[in-house]
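Results of the structural survey
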Amino acid sequence: MKHRLALVGFGTVGQGIAEILEKKRGELKSAYDYDFDIVAVSDLRFGTAYNPDGLNIPSLLGDAKKGKFTQNVKDWNALQTIKESNATVVCEMSFTDLKTGEPAISHCKAAFETKKHIVTSNKGPAALAYRDMKELAKKHGVKFLIEGTVMSGTPVLNLADGPLAGCTIKGIRGILNGTTNYILTQMENGMDYSAALKKAQELGYAEADPTGDVEGYDARGKVTILTNVVMGAKFAINDVTCKGITGITSADIEKAKKENHRWKLISSVKNENGKITASVAPEKIPMTHPLASAMGATNALTFSTDLMGDITIVGAGAGRTETGFSILADLLKIYRS
Ligand code: HSE
């Protein structure tokens, strides 16, 4: 069956997946028999475009550059688009809000209640309401897939759920925020904190409000997701202890360098005899540590497993194409299942 897609949010990620789908339409059909139409796109800035038979992707991308949809314009907000359109899958890519999870939680609920799958890179619903979302989706016979919420398209959640099924994951340690890793790398190269943060914003790694990155809240959201999804816990976001990188000075970084160490913002989940704890905090780790070589915006994560020992995956944690790919990966997962 052809997927009919509604894109909610047409910012960096939304445009990223649209570009990928346009470029790979032929390859997706020939390699995976995957066929789709983007039938609706709704964005707070650009308005809503809807055509039940499929929208023209280059026109949508061109209109986004001009700041307004001009073809197939429909007087719908995001919720109406989700409920009223003929989409079979909603790609939820609005801004993350880790305090309320809104408006994304309402978007997910509306999709499930009208029997549409959700594929999302938005950390809000996954970090604050994972179980509720999963149960509601199940009740309505659809999926709630969230690969892009942790390490963008680098396959972390799908790795744990797919190839590592059968292993017990006993612990997780990783670098899960690209902005802070980029800042720490640039400070090691001699840049000062504010200049490094400004550059991370320019490169599109940082959240709309970068406080969420530098204070560790973004990483805490991702740790909450990993704790609940991979370790099967029932953690609220405040159950994860959290400290960011704002207290780390250039002098601290220089001192660590002389000791052959490096500061990293480490996210960690431990299961000690059934007692699960989770944290985000800066740590000074030896240069020889597997996580020490992840530099710039690159993320890395180690799963400690019972049958396979440690498995480390290193890759992009943010970015237009990389997060766009996470949406494609989950679309194909739905299609192939
Ligand atoms: N602000 C996030 C980061 C984006 O820097 O990793 C990806 O979640």
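Provided above is the structure to which this section pertains.
Residues numbered from 1 in each chain as written. Predicted model: local features only at pLDDT ≥ 70, side-chain atom pairs only at ≥ 80, totals over all residues. Heavy atoms only, no water.

Counting its regular elements, the chain contains 12 helices and 13 strands. For 337 residues, the compact-globule estimate of 2.2 N^0.38 gives 20 Å, and the C-alpha radius of gyration of the chain, at 20 Å, lies within 12% of that figure. For the chain, the spread of C-alpha atoms along the three principal axes comes to 60 × 45 × 40 Å. Looking at the chain as a whole, 54% of its 337 residues qualify as buried. Contacts spanning at least 24 positions in sequence make up 70% of the contacts within the chain whose residues lie at least 6 apart. Surface accessibility of the chain: about 14900 Å² in total, with carbon and sulfur atoms responsible for 50%. Of the side chains in the chain, 41 bear a positive and 37 a negative charge, and the two mean positions are spaced by 2 Å. (Helix = DSSP H or I, 4+ residues; strand = E, 2+ residues; numbered from the N terminus. Rg over C-alpha atoms; globule rule 2.2 N^0.38 Å. Buried < 20%, exposed > 50% of the residue type's maximum accessible area, 1.4 Å probe, protein only. Contact = heavy atoms within 4.5 Å. Areas by Shrake-Rupley, 256 points an atom, 1.4 Å probe, with all protein chains shown as cover. Lys, Arg positive; Asp, Glu negative; His and termini not counted. Charge placed at Lys NZ, Arg CZ, Asp CG, Glu CD.)

Glancing now at the layout of surface pockets. It is the rolling of a water-molecule-sized probe over the atoms that shows where space remains empty. Empty space within the second largest pocket amounts to approximately 390 Å³. Lining the second largest pocket are 19 residues, and of these Tyr 32, Phe 325, Leu 328, Ala 329 and Leu 332 lie nearest its centre. Classifying every residue of the lining of the second largest pocket by side-chain character gives eight nonpolar, four polar and seven charged. (1 Å grid on protein atoms, 1.4 Å probe; cavity = no way out; pocket = protein on both sides within 12 Å on 5 of 7 lines; lining within 4 Å. Points joined across faces, edges and corners; volume = space filled by probe spheres on them. Nonpolar A, V, L, I, M, F, W, Y, C, P; charged D, E, K, R; others polar.)

Right, let's talk about the sheet that holds strand β1 (residues 3-8) for a bit. Consider a sheet: its strands pair through backbone hydrogen bonds, and that pairing is either parallel or antiparallel. Spatially, the seven strands line up as an open sheet ordered β4-β3-β2-β1-β5-β6-β7, and their pairing is mixed. Here the strands that pair on one side only, and so sit at the sheet edges, are β4 (73-74) and β7 (144-145). Where β1 and strand β5 (residues 89-92) come together, four bridges link them in parallel fashion. The residue bridging Ala 6 from the neighbouring strand is Val 90, located in β5. Together, β1 and β2 (36-43) form the strand contacts of helix α1 (residues 12-32), whose direction differs from that of β2 by roughly 170°. (Pairing = 2+ DSSP bridges. Axes fitted to C-alpha atoms, helices over the stretch in contact; angles between N-to-C directions.)

Applying the stated criterion to the full structure yields eight aromatic pairs. Summarising the aromatic geometry, the rings of Phe 10 and Phe 69 are spaced 5.8 Å apart at their centres and angled 55° between planes, so their arrangement reads as tilted. Here Phe 10, found in the loop between β1 and α1, pairs with Phe 69, found in the loop between α2 (57-66) and β4; they are 59 residues apart in sequence, far enough to count as distant. Residue Phe 10 shares its accessibility class with Phe 69, and that shared class is buried. In this structure an aromatic cluster arises from ring pairing among Phe 10, Phe 46 and Phe 69. A cation over an aromatic ring shows up here: Arg 25 above the ring of Phe 36, its NZ or CZ 4.2 Å from the ring centre. The positively charged end of Lys 74 is found above the aromatic ring belonging to Trp 76, 4.9 Å away from the centroid. (Phe/Tyr/Trp six-rings, centres within 6.5 Å; stacked < 30°, edge-to-face > 60°. Lys NZ or Arg CZ within 6 Å of the ring centre and 35° of its normal.)

As a further point, take helix α5 (residues 123-139). Residues spaced three or four apart along an α-helix point in a common direction, a consequence of the helix completing one turn every 3.6 residues. Ala 129 marks where α5 bends most, by close to 105°. Turning to α5, its buried residues are Lys 123, Gly 124, Pro 125, Ala 126, Ala 127, Ala 129, Tyr 130, Met 133, Leu 136 and Ala 137. Summarising the contacts, the buried residues of α5 are in contact with α4 (104-113), β7 and α10 (217-229). Looking one or two residues beyond α5, the residue adopting positive phi is Gly 141, at roughly 75°. (Bend = angle between axes of the 7 residues up to and from the residue.)

Any functional reading would require information beyond the geometric quantities listed.
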